2 protein chains.
Amino acid sequence: MVSKVKRLLIGKPMKSTAIEDEKLGKLKALAILSSDALSSVAYGTEQILIVLMTLGFAALWYSIPISIAVLGLLTILVLSFRQTIFSYPQGGGAYIVAKDNLGVMSGLTAGGSLLVDYILTVAVSSSAGTDAITSAFPQLHEHRVLISLIMIVFLTLMNLRGVTESASVLALPVYMFVVAIFVLIICGTINYFLGDVQAAAPQFGATISNISLFLLLKAFSSGCSALTGVEAVSNAIPNFRHPAEKNAAATLIMMGAILGAMFIGISLLAYWYGIMPTEKETVVSQIAGATFGRGLIYYIIQGVTALILFLAANTAYSAFPLLAFMLAKDKFMPHMFMVRGDRLGFSNGIIMLGVLSALLIVAFHGDTENLIPLYAVGVFIPFTLSQLGMMVRWIKLKPSGWVVKLLINTIGMLTTLSITLIFIITKFSQVWMIFIFLPLVMRFFSRIHRHYQNTADELRINIATDKPAIKGSTMVIPIAGITRVVMYTISYAKSLTDNVVAVYVGFDEEEIRKLEAKWEEWDPGVRLIVLRSRYRSVMRPLMRFIDTVEWKTAETDHITILIPQFITKHWWQNILHNQTSLLIRAVLFKEKDIVIATVPYHLNR
Amino acid sequence: MVSKVKRLLIGKPMKSTAIEDEKLGKLKALAILSSDALSSVAYGTEQILIVLMTLGFAALWYSIPISIAVLGLLTILVLSFRQTIFSYPQGGGAYIVAKDNLGVMSGLTAGGSLLVDYILTVAVSSSAGTDAITSAFPQLHEHRVLISLIMIVFLTLMNLRGVTESASVLALPVYMFVVAIFVLIICGTINYFLGDVQAAAPQFGATISNISLFLLLKAFSSGCSALTGVEAVSNAIPNFRHPAEKNAAATLIMMGAILGAMFIGISLLAYWYGIMPTEKETVVSQIAGATFGRGLIYYIIQGVTALILFLAANTAYSAFPLLAFMLAKDKFMPHMFMVRGDRLGFSNGIIMLGVLSALLIVAFHGDTENLIPLYAVGVFIPFTLSQLGMMVRWIKLKPSGWVVKLLINTIGMLTTLSITLIFIITKFSQVWMIFIFLPLVMRFFSRIHRHYQNTADELRINIATDKPAIKGSTMVIPIAGITRVVMYTISYAKSLTDNVVAVYVGFDEEEIRKLEAKWEEWDPGVRLIVLRSRYRSVMRPLMRFIDTVEWKTAETDHITILIPQFITKHWWQNILHNQTSLLIRAVLFKEKDIVIATVPYHLNR
């Protein structure tokens, strides 16, 4: 039943050898890996305008130079990541690059902060997508949490189905979004130059009396939130089709170009149209409304924007499981993240990401805007560490042309470091949490690592000297009467060793006498030992007896407890049997180093 | 930790031989067994008045003849049950008497309806007690459910502590209640005859135009709810000290006399004082207020009334577990109701009663008044069956003086039968549920019985001919690598038989080659079989392999799967190990008839 539902939702299991077919070409990769980055266009400009609006309408012209600065930063990041791709063709996420060049702790800092970040990505993107929907249909506002959760469930299922299949479904909305935004930018620009625009742009270069560097930096850092997601390509190189690094690099450049063009286009339109950010309507919605009126095209633009925001979450679905896999391989995360599921995806990572982000959505009642700065810091810390790692690498390896490469990564590192610092300084009230949970995650990693190390040490044997040794054997069978199950269990024990003893825990002298007499009459060839329990406890006398057996024979014998156990035909019948056997098993298992063999007896009726 | 809390709440375990000391003397028995019956005084008269009030104030005089009729019925019941006590000194509940004389189905009807009834008793009594409290302190009204639940928890704990100890705690309030009601009756009567009463009684014998037999019968049956609980003594004879039946009979007579006097006294006072039932205040509260004013004595009376109502529930706590024990002994209820707990009580019955009645309280939000008729029918059905059973017994056995005895039981049977019918006719809307759940409970009994019968048939052996037989042995060890645990497991297996095989499920050719090479180098003296899994499932190839082994050797050999299993030091570490062993165990256990031996390995760090 469960497995049928699973088949229906996720599809049939796939052979391990099918993994090569699951790899991505450039165009599909662009769809899968760029939705996070591209979707930032839907809110990047707006974030800048919101900060500038605190200074009044006239200050909005600053959005243009700030947008250009963001564009510059984007160029630097793309160039830097391109270098990483070629240096780490097996996948150059910040975790790998930092661990490789700066040491394990830096790697874990980058990895931990990305891991948390991917969860935030899913939560933030799905609630942003929901906002786009409820902007168009305000009556859905009260169902926001539900809509977000449905999207998360949908994405989780798609990703459990596998990489290629989800790409096919998810590629279309990404292309539609790109087309829609370019149509908007082109038509909006034409409209503007034809003079069909009513609202006047704020005067460019006007002096604003109360402007401060702090505020400009804050606006800039807000705009930088549009750059989150750029790292996705370099993390996911193993998912690319051969030649992986070339395909990845090309995809990265494509993505950078599209993102840059769309971002600056939206910023220009917003400036030209004199658009002010409001609580009720997004900037893109205002531009689209001003350009096309609230007609069909407007709703199409809003629709694909909502879609792309949902899909932004999908980037995290490819990145999180892969990162968790790498951390698990290095023994910093539980082994279960290394297991490929029926459809070859890392199911446990996918499911965990879905569950945790759904919990965030519920905890914040779908209002995840306040998480955006936290999310941005969580991206820029690993960016910085990754660039720093690349710098160290160039200095160590000194390949041809290393000076230029070093220069690019140095600029990249300095920029991302500055942005991290700007974030922390200008938005401390929203990002302080990272200083709590990052150490927690690190501690979590290190405890897991220590446990795996210890376990490996304990379990390791020297195959030259450590060989299995043969010992004697003693078997103990707790019984409650003379039944077919007991007979079967004694047959089993006697087939293995002559050292078998049956134990009966009795509460009542009368019953004990009866059993002893019956046992003698039956004469199964096994000694019966009766333990008297004055407190009606089965466990205590039994444990004491086993202690004695251990004390007498543990040196020379393996001790086995044979537990006869009913298996009823219907689940409800279990309640009809006291199943003392389960209790005995649980207690012995926890306390004793002896083998517990369950001898099953399947009831037929 | 858990066991310490248990000790604190319930007390130290007691030896089985201490059971004789736990038995009850007459006075303690009166306290424990009569609280249900005596507490009916708190609402019996009121139930009559409520029905009469629908005809207007003048009709209230009918309460006097109706009360006398109830008193007559009480006398009949006491005499009948006295006969039962002497006929069934080992405990003559309706279940036993009906089963013994009328057959199993009648016995189960009586038993099932009592079992459900005891649950209703606890729910109804604890909410009635809560009502008495909230009459005095209206601000507690919103916490009614909580107060009722606290009382149920308290009663459950007291009963888990054991019979005598709870008697000591619970006896005092019963005696206080009896004293308080008698003081009220005496002072109220004196007041009335001194003429200190303002309100006038309705004229006795006045003709009421719209009176009907139906209404009078309804009022009478409502008054009969005061008789519930009378059966408690005859059920609980095994709890009495020697000579049990004499003590029980004396207790029954005492209880009947006290109950009759209190009931008629309260009815008279209510009539003399011209008291009308209202929603807000109970009749007893009105009488007490009129007699003493709202002073200290009034609050004492309300307080002990509340207490006795809570304690009424306690009668069910001694009756339910005993009845469940008897049903379990006859294999109609799960065996677990036969187990005596640490303190010699039938803990499972006590706990189940507490849980189910608490659920009722929560489901009805503490408004359980509508359950009272249902509860009364649930008592009178077994009453009738029990009397009928006694009649059959007298006719069969014909002891000396049997005609008088038969006569008494016949009158008893006819009266209780009439009351049952009156209840069903006049209050069908409130009692129809019994026609649904009584068949359900019966079906539940019969399915349990059939299961136990079938199991016993399957497990029974002929000790003359069925003897343990020795077979060969094959052991299979699933491994995931070469570790200390595997070495230990192989040592164990080789100590028992030469027929040992290790099985490795591999996903990856590279890893399979490595393991095979290492195995050869290690050379543990056991053959390694490698199963290839193209779908990364461990279970499927393993199950297929075991199928093959079974097919080859099941005739001649016992097959054992040895499962090495880690036991981690801290619970959280469990998540770090995939514990495929648990999965293997669960699947094999359900599907195969082979022995599963878990070889534990306790991790030290």
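Along each chain, numbering runs from 1 in the same order as the chain's sequence is written. All chains are assigned letters beginning with A, and all ligands numbers beginning with 1, in the order in which they are written. Under the rules for a predicted model, residues below a pLDDT of 70 receive no local features and side-chain atom pairs below 80 are neither given nor counted, while totals for whole chains, interfaces and linings still include all residues. Only hydrogens and water are removed before side-chain values are computed, so all heavy atoms of the structure are retained for them.

J.: Outline empty space enclosed by the protein, supporting the account with residue identities and numerical values.
T.: Method remark: on a 1 Å grid restricted to protein atoms, a set of points is classed as a cavity if a 1.4 Å probe fits but cannot get out and as a pocket if it is open with protein on both sides within 12 Å along at least five of seven lines; lining residues have an atom within 4 Å of a point. Grid points are joined across faces, edges and corners, and a volume is the space filled by probe spheres set on the points. According to the stated counting rule, one finds 9 cavities of 30 Å³ or more in the structure shown. Estimates place the volume of the largest cavity at around 70 Å³. Taken together, Gly93, Ala94, Tyr95, Ile96, Tyr118, Asn235, Ala319, Leu322, Leu323 and Met326 of chain A form the lining of the largest cavity. Only α5 (94-102) and α13 (296-329) of chain A provide two or more residues apiece to the lining of the largest cavity. Note on conventions: DSSP H or I runs of at least 4 residues are helices, E runs of at least 2 residues are strands, and numbering of each starts at the N terminus. Among the elements that take part in the lining of the largest cavity, α13 of chain A stands out by supplying 4 residues, more than any other. Lys, Arg, Asp and Glu make up the charged group, whereas Ala, Val, Leu, Ile, Met, Phe, Trp, Tyr, Cys and Pro make up the nonpolar group; the residues left over, Gly among them, are polar. Here the lining of the largest cavity is built from residues that sort into 8 nonpolar, 2 polar and no charged. Approximately 60 Å³ is the volume found for the second largest cavity. Along its surface, the second largest cavity is lined by Gly93, Ala94, Tyr95, Ile96, Leu114, Tyr118, Asn235, Ala319, Leu322, Leu323 and Met326 of chain B. Going through the elements one at a time, α5 (94-102), α6 (104-136) and α13 (296-329) of chain B are the ones with two or more residues in the lining of the second largest cavity. The element that contributes the greatest number of residues to the lining of the second largest cavity is α13 of chain B, accounting for 4 residues. Its residues assigned to classes, the lining of the second largest cavity comprises 9 nonpolar, 2 polar and no charged.

J.: Would you mind going over the packing of helix α7 (residues 144-161) of chain B against α13 of chain B in detail, with residue names and values included?
T.: Residues and elements named next belong to chain B. Where α7 contacts α13, the two axes come as close as 10 Å, and the packing angle between them is 45°. In terms of orientation, α7 and α13 fall into the oblique class. Helix-helix and strand crossings are classified by hand; for α7 and α13 the assignment is right-handed. For the pair formed by α7 and α13, the contact residues are Ile147, Met151, Ile152, Leu155, Thr156 and Asn159 on the first element and Phe310, Leu311, Ala313, Asn314 and Tyr317 on the second. By residue class, the composition of the contact of α7 with α13 is 8 nonpolar, 3 polar and no charged. Each axis is a line fitted through C-alpha atoms, taken for helices only over the stretch in contact, and angles between the N-to-C directions span 0 to 180 degrees. For classification purposes, angles smaller than 35 degrees are called roughly parallel, those larger than 145 roughly antiparallel, those between 65 and 115 roughly perpendicular, and all remaining angles oblique. Left-handed describes a crossing whose near helix is turned anticlockwise from the far helix by less than a right angle; the clockwise case is right-handed. Here, residues are in contact when the closest pair of their heavy atoms is within 4.5 Å.

J.: Tell me about the packing of aromatic side chains, residues and numbers included.
T.: Only rings of Phe, Tyr and Trp enter the pairing, Trp through its six-membered ring, and a pair is recorded when the two centres are within 6.5 Å. The plane angle decides the type: under 30 degrees is stacked, over 60 is edge-to-face, the rest tilted. Counting across every chain of the model gives 22 aromatic pairs over all chains. Judged by centre distance (4.1 Å) and plane angle (25°), the ring pair of Trp61 of chain B and Tyr62 of chain B falls under stacked. With a centroid separation of 5.2 Å and an interplanar angle of 75°, the aromatic rings of Tyr192 of chain B and Phe193 of chain B are classed as edge-to-face. Between buried and exposed lies partly exposed: a residue is buried under 20% and exposed over 50% of the maximum accessible area for its type, with that area taken using a 1.4 Å probe on protein chains only. Accessibility expressed as a relative area gives 28% for Tyr192 of chain B, which makes it partly exposed. A residue is classified by how much of its surface remains accessible, and Phe193 of chain B, at 59% relative accessible area, is exposed. These aromatic residues form a ring-pair network of at least three members: Phe81, Phe380, Phe383 and Phe423 of chain A.

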